[in-house]
Amino acid sequence: TPRFPQHVVPEGRIQRRDAVLFPNLVPYGSWSAVTTINRNHHVPLGSFPAEDWSAALENCLDLARRVRDTDPAVRWVAVTQNLLPPSGGALFHPHLQVNIDHRPTGYHRALLRSIECHPLGHDLPGRLAEDARAAGRHVGDSGEWTWFTPFAPLAPWEVQGVWPVRRTVDDLVGAPLRDFVRGVLAIQRWQGERGRNAGNLALFLSLDTPCAMLARLNLRSTYHPWYRSDQSVYQVGLQEAVTDMPPELLAERMRADFHPDPV
């Protein structure tokens, strides 16, 4: 696997337990990385050890803080998970991804705009959780994290989690981090026990603007055993369009062989 520049990560890669974080060969943003979760090549949905999942998440947050020290313009962080090929994942090996960029991803951008325009302001995410509790859509709590099903889900079996107090990446340590992981794994375990094997996760964070932390989890349909979807967590979880080839390169390659039949 590749290494980060020494001025960002002197050791080249970031490792905790068996979770190893390294640059993404197909970056989706200014700073893009992948972290393994453990050494197992396949972990069924709902079977991740909490210590391994926590180590992988800590790797992602560690990189975000290091990048901020060398690229102060970056502000927004998205931690994601494609679990198995039906979720759009290219690898069976369980992993998380992290994007650190100068602008928020699509869903996060819409959420921030809603907070900015709504009369409740930064209280809006917490009120969504309160409304879900009152309306029978409350799933459960893990520490200060509240898990609920959204009123208008955008993906199958969507569950959202919110830590409503305004925080930054620096605050997601210790008990809040462990409580987040406990909540994620409890939801994934419930899904796995019902025969599901693929899903996405997206966690939206800020490096310098205190705001509520929000996570989205959803399932993905398996139309064929180990079928790979072309819709990954970026489209489904982040609402961010993704293509595997720059349009200029696509046009160049097609142009060389573009020979319309004569009329």
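Just above, that's the structure.
Quick look at the structure, then. The structure displayed is predicted, hence computed values, not measured ones. (Residues numbered from 1 in each chain as written. Predicted model: local features only at pLDDT ≥ 70, side-chain atom pairs only at ≥ 80, totals over all residues. Heavy atoms only, no water.)

**Some details on the overall build of the protein chain**
No. 1: Helix and strand content of the protein chain: six helices and 10 strands.
No. 2: Taking 2.2 N^0.38 as the reference for a compact globule, 263 residues should give roughly 18 Å; the C-alpha atoms of the protein chain span a radius of gyration of 19 Å, in line with that estimate.
No. 3: With the C-alpha coordinates aligned to their principal axes, the bounding extent of the protein chain is approximately 65 × 45 × 45 Å.
No. 4: Looking at the protein chain as a whole, 49% of its 263 residues are labelled buried. (Helix = DSSP H or I, 4+ residues; strand = E, 2+ residues; numbered from the N terminus. Rg over C-alpha atoms; globule rule 2.2 N^0.38 Å. Buried < 20%, exposed > 50% of the residue type's maximum accessible area, 1.4 Å probe, protein only.)

**A short note on the sheet that holds strand β5 (residues 95–101)**
No. 1: An order of β1-β2-β3-β5-β4-β9-β10-β8-β7-β6 is seen for the 10 strands of this open sheet, with the pairing classed as antiparallel. Two strands in the sheet have a free side with no partner beyond their single neighbour: β1 (14–16) and β6 (138–142). Mean inter-strand twist for the sheet, computed between neighbouring axes without regard to direction, equals 15°.
No. 2: Here strand β2 (residues 19–23) runs beside strand β3 (residues 31–36); their pairing, made up of three bridges, is antiparallel. Among the inter-strand pairings, Leu21 is bridged to a residue of β3, identified as Thr35.
No. 3: On the sheet, helix α4 (residues 174–192) packs against β4 (76–83), β6, β7 (145–148), β8 (159–167), β9 (199–206) and β10 (211–219) and is oriented at approximately 20° with respect to β7. (Pairing = 2+ DSSP bridges. Axes fitted to C-alpha atoms, helices over the stretch in contact; angles between N-to-C directions. Contact = heavy atoms within 4.5 Å.)

**Examining unusual backbone geometry**
No. 1: A positive phi is found at Arg17, a non-glycine position, where the angle reads about 50°.
No. 2: Along the chain, the position of Arg17 falls in the loop between β1 and β2.
No. 3: For Arg17, a relative accessible area of 53% puts it in the exposed group.
No. 4: With a phi close to 50°, Trp157 is a non-glycine residue in the positive phi region.
No. 5: With respect to the element layout, Trp157 can be found in the loop between β7 and β8.

**Section: the side chain of Thr105**
No. 1: Mapping Thr105 onto the fold places it in the loop between β5 and α2 (106–117).
No. 2: Take Thr105: its relative accessible area is 14%, and that puts it in the buried class.
No. 3: Setting aside residues up to four positions removed in sequence, Thr105 forms contacts with Phe204, Leu238 and Glu240.

**Section: the pattern of salt bridges**
No. 1: For the coordinates displayed, the defined rule picks out 15 salt bridges.
No. 2: With its nearest N and O atoms 3.3 Å apart, the salt bridge here joins Asp18 to Arg39. With Asp18 in the loop between β1 and β2 and Arg39 in the loop between β3 and α1 (50–70), the pair connects residues that are 21 residues apart, well separated along the chain.
No. 3: Here Asp18 falls in the partly exposed class, since its relative accessible area comes to 34%.
No. 4: By relative accessible area, Arg39 is classed as exposed at 64%.
No. 5: Sharing partners across several salt bridges, the network here consists of Glu11, Arg16, Glu58, Asp62 and Arg66. (Salt bridge = Lys/Arg side-chain N within 4 Å of Asp/Glu carboxyl O.)

**Brief notes about a nonpolar patch on the surface**
No. 1: Residues Leu25, Val26, Tyr28 and Val242 make up a contiguous nonpolar surface patch of about 380 Å² in total accessible area.
No. 2: Here Tyr28 is to be found in the loop between β2 and β3.
No. 3: For Tyr28, a relative accessible area of 35% translates into the label partly exposed. (Patch = residues over 30% accessible without salt bridge, like charges linked within 9 Å, V, L, I, M, F, W, Y side chains within 5 Å. Areas by Shrake-Rupley, 256 points an atom, 1.4 Å probe, with all protein chains shown as cover.)

**Examining the pairing of β10**
Side chains on a regular strand alternate between the two faces of the sheet.
No. 1: Taken across its nine residues, β10 has nine buried, putting it largely inside the fold.
No. 2: Bridging between β8 and β10 involves six bridges; their strand directions are antiparallel. In the sheet register, Val162 faces β10, and the bridge partner there is Leu214.
No. 3: Where β9 folds back onto β10 in an antiparallel hairpin, the turn is made up of four residues.

**Quick word on the packing of aromatic side chains**
Each aromatic ring pair is summarised here by two numbers: the centre-to-centre distance and the angle between the ring planes.
No. 1: Inspection of the entire model under this criterion finds seven aromatic pairs.
No. 2: Connected via pairs of aromatic rings, a cluster forms that spans Trp53, Trp145, Trp147, Trp163 and Phe180.
No. 3: In this arrangement the basic side chain of Arg216 is found over the ring face of Tyr107, its NZ or CZ atom lying 4.2 Å from the centre. (Phe/Tyr/Trp six-rings, centres within 6.5 Å; stacked < 30°, edge-to-face > 60°. Lys NZ or Arg CZ within 6 Å of the ring centre and 35° of its normal.)

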